[in-house]
Amino acid sequence: MRIVSWNVNGLRAAHKKGFLQWLSAERADVVGVQEVRALEAQLPEEVRAPEGWKSTHFVAAECRLGYSGVGLFMRKAPDEVETRLGVKEMDVEGRLQVARFGRLTVVNCYFPNGNGKERDNSRVPFKLAFYRRLFKRLEKGLRDGERILVMGDFNTAHQEIDLARPKDNRETSGFLPEEREEFDRWIRAGWVDTFRHFEKGTGHYSWWSQRFGVRERNVGWRLDYVLASPGAMPYVKRAGIHCTVLGSDHCPVSVDLDPKVRR
């Protein structure tokens, strides 16, 4: 069973650059996308219901058009999908899907960026509050041994190994001490960074600035993750980062699981 996560930086734009061809070739069972930036009705029919996919589900931001948004493409229909944390100012941003497939729960999430409108760090408190609210939402399942994956754009590079220039970015949202500490809290609680479980080396990133030459020089950040609960981790066989170039500043990340994880 393959689960894939990708911040597409606008699903309509990604569609024009070959998203459906990529989706067909990926051979995934569940694909979660972030930063959809569209209402479901604004998406072309072939994106809303692509051939070979049993079910799709989209959540758009209610606070403004063309902002945030998440989506799921699923080979088999889920038992249920929840989209709310119960905090209005968080829920209106369209950042969350919690889908259950038998005994497996897949969380597709677009975590907030800490940057404000003035490119300052004014949204960091909101970002941290969102992290903590989702942590609390999932805490009982974690303790009870449930099989849970949390995937998406976390908008945080966890450790120095997760960005090319850590010394230059200590005061930049995405690598602030308080953001990294919140990520640490998840890891201490038992969540496993699936990619780092298999790959300890440097130079592995999932986001690059769109400034000229940055991606070619691999001056990147690892902002996209799949975290596994202790209950799910025994079923995780491999994890990867896939440097697809379809116009997004992010690339997909994935995990492969024993299909028994759902039973």
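Above: the structure in question.
Summarised in this report is the structure supplied together with it. Because the structure is a prediction, the values reported are computed rather than measured.

What counts, and where the lines are drawn
Residues numbered from 1 in each chain as written. Predicted model: local features only at pLDDT ≥ 70, side-chain atom pairs only at ≥ 80, totals over all residues. Heavy atoms only, no water. 1 Å grid on protein atoms, 1.4 Å probe; cavity = no way out; pocket = protein on both sides within 12 Å on 5 of 7 lines; lining within 4 Å. Points joined across faces, edges and corners; volume = space filled by probe spheres on them. Nonpolar A, V, L, I, M, F, W, Y, C, P; charged D, E, K, R; others polar. Helix = DSSP H or I, 4+ residues; strand = E, 2+ residues; numbered from the N terminus. Pairing = 2+ DSSP bridges. Contact = heavy atoms within 4.5 Å. Axes fitted to C-alpha atoms, helices over the stretch in contact; angles between N-to-C directions. Core = buried A, V, L, I, M, F, W, Y, C linked by side-chain atoms within 4.5 Å. Buried < 20%, exposed > 50% of the residue type's maximum accessible area, 1.4 Å probe, protein only.

1. With respect to the layout of surface pockets
Alright, step 1. By volume, the largest pocket is sized at about 1,000 Å³.
Alright, step 2. Around the largest pocket sit 41 residues that line it, and Asn-113, Asn-115, Arg-119, Asn-155 and Trp-207 are the ones nearest its centre.
Alright, step 3. Partitioning the lining of the largest pocket into residue classes produces eleven nonpolar, 16 polar and 14 charged.
Alright, step 4. Taken together, 17 residues make up the lining of the second largest pocket; nearest its centre are Arg-100, Thr-105, Gly-141, Glu-146 and Ile-148.
Alright, step 5. When residues of the lining of the second largest pocket are assigned to their parent elements, the largest contribution, four residues, is made by helix H5 (residues 124-143).
Alright, step 6. Of the residues assigned to the lining of the second largest pocket, the class counts are four nonpolar, five polar and eight charged.

2. Quick word on the sheet that holds strand S5 (residues 80-82)
Alright, step 1. Spatially, S5-S6-S7-S8-S12-S9 is the arrangement adopted by the six strands of the open sheet, whose pairing is mixed. Looking at which strands have only one partner, the edges of the open sheet turn out to be S5 and strand S9 (192-193).
Alright, step 2. Here H5 sits on the sheet in contact with S5, strand S6 (96-101), strand S7 (104-110) and strand S8 (147-153), set at roughly 160 degrees to S8.

3. Re empty space enclosed by the protein
Alright, step 1. This structure, assessed with the given rule, holds three cavities of 30 Å³ or more.
Alright, step 2. In this structure, the largest cavity occupies an estimated 60 Å³ of space.
Alright, step 3. Lining of the largest cavity is provided by 13 residues; of these, Thr-194, Phe-195, Val-226, Gly-240 and Val-253 occupy positions nearest its centre.
Alright, step 4. For the lining of the largest cavity, the secondary structure elements donating two or more residues are helix H7 (194-198), strand S12 (224-228), strand S13 (236-241) and strand S14 (253-257).
Alright, step 5. Within the lining of the largest cavity, the residues separate by chemical class into seven nonpolar, three polar and three charged.
Alright, step 6. Volume-wise, the second largest cavity comes out at about 40 Å³.
Alright, step 7. Looking at the lining of the second largest cavity residue by residue, the classes come out as six nonpolar, two polar and two charged.

4. Brief notes about the nonpolar core
Alright, step 1. Counting residues in hydrophobic clusters, the biggest one holds 29 residues, and the most contacted among them are Ile-3, Val-30, Leu-149, Met-151, Val-255 and Leu-257.
Alright, step 2. Secondary structure elements with two or more residues in this core: strand S4 (70-74), S6, S7, S8, S12, S13 and S14.
Alright, step 3. Other than its neighbours up to four places away in sequence, Leu-149 contacts Ile-3, Leu-104, Thr-105, Val-106, Val-107, Val-226, Leu-227, Ala-228, Ala-232, Val-255 and Leu-257.
Alright, step 4. Judged by nonpolar contacts, the second largest core, of 23 residues, contains Leu-85, Leu-138, Tyr-225 and Leu-227.

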